[in-house]
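Per-entry structural report
This is what each chain is made of:
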Amino acid sequence: KIYLSNELDWNTPIMRYTSIQSLEQILELKFFVQERNQFDKIDGHENGTYEEKGLGFPFSQIEKLNVTQRKEKEKILEQLWDEITKSYNTLTSCWTLSQKEKPAMWFGKEVLIKSTIGKFLLSLDMQNISSTICGKVRYSEKEQMKSTIEQFLFLKEGEKYKHEEELRFYIDSDLRNGIDIKGKENNKSALLPLNGYTFIDTIVFNPLLSENQVVLKNNLLANYPQITKLIKESNI
């Protein structure tokens, strides 16, 4: 099952800033993804941590409810809470809808790959995936109360993230076969099998690669010379 928000379609162009290691994994038909709970180390809002008191879940309003209405509301809130809790363990892939390179987006990244929503989804081997949700991230200037699962998944607070123009894929899968940078198993991530890597339309390398990163790049091109035709120069 694939759920795509109405404002997007399969031909929507997307880009992803990543590492040379991740690009090599893609060429080996493996796509690295992490659980959403790994992102809250960068942004506390991901797990509902707020600086302004009173905005965290559970949220409530002063209402005069009878016993039946109160039980019904508690049931709805409990169901929402279960969905929110589950969402923290969902595998997540972050892309950008921007088609313009931005220096801030290059920070800590070595490679930029360009594709479309449809090409990427078709490249995923769905054998280990039960559903995928794709949507555009919304931004709010200030912290605000979230009352739906959609807001928890696709609302980011803070102007400092707005330049990302983020698009997210939430992938429901039990696969947890990821490895960390030290080569150890990581049960908070997965290497999703790919049908191929033809979803990549363009590859751009960071123009400010270090000497070690240039060596990794050259080794990659030596092992996969067929991708040379996909490489374009950076506009930065």
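Here, every reference points to the structure presented above.
Described in the following lines is the structure provided in the data block.

Right, let's get into the packing of helix α1 (residues 20-27) against helix α6 (residues 211-223). For any two helices packed against each other, one specifies the crossing angle of their axes together with the interaxial distance. As a packed pair, α1 and α6 sit with axes 10 Å apart at the nearest point and diverge in direction by 10°. Between α1 and α6, the crossing angle belongs to the class labelled roughly parallel. By crossing handedness, the relation of α1 to α6 is classed as left-handed. Along the contact surface, α1 presents I20, L23, E24 and L27, while α6 presents Q213, L216, K217 and L220.

Within the largest apolar cluster, 35 residues are counted, with the highest numbers of intra-cluster contacts made by L23, W95, I113, L167, F169 and I203. Among the elements that line this core, the one with the most residues is α1, at four residues. Counting six residues, the second largest nonpolar core, distinct from the first, contains Y17, M105, W106 and V204.

All right, on to α1 then. When you tally the buried positions in α1, you get six out of eight residues, the bulk of the element. Along α1, the positions that sit buried rather than exposed are I20, S22, L23, Q25, I26 and L27. Where α1 is buried, its residues meet β2 (13-18), β3 (30-35), β5 (111-116), β12 (189-193), β13 (202-205) and α6. Positive phi shows up at L29, right after α1, with a value of about 65°.

About the criteria used
- Residues numbered from 1 in each chain as written.
- Predicted model: local features only at pLDDT ≥ 70, side-chain atom pairs only at ≥ 80, totals over all residues.
- Heavy atoms only, no water.
- Axes fitted to C-alpha atoms, helices over the stretch in contact; angles between N-to-C directions.
- Helix = DSSP H or I, 4+ residues; strand = E, 2+ residues; numbered from the N terminus.
- Parallel < 35°, antiparallel > 145°, perpendicular 65-115°, else oblique.
- Left-handed = near helix turned anticlockwise from the far one by under 90°.
- Contact = heavy atoms within 4.5 Å.
- Core = buried A, V, L, I, M, F, W, Y, C linked by side-chain atoms within 4.5 Å.
- Buried < 20%, exposed > 50% of the residue type's maximum accessible area, 1.4 Å probe, protein only.

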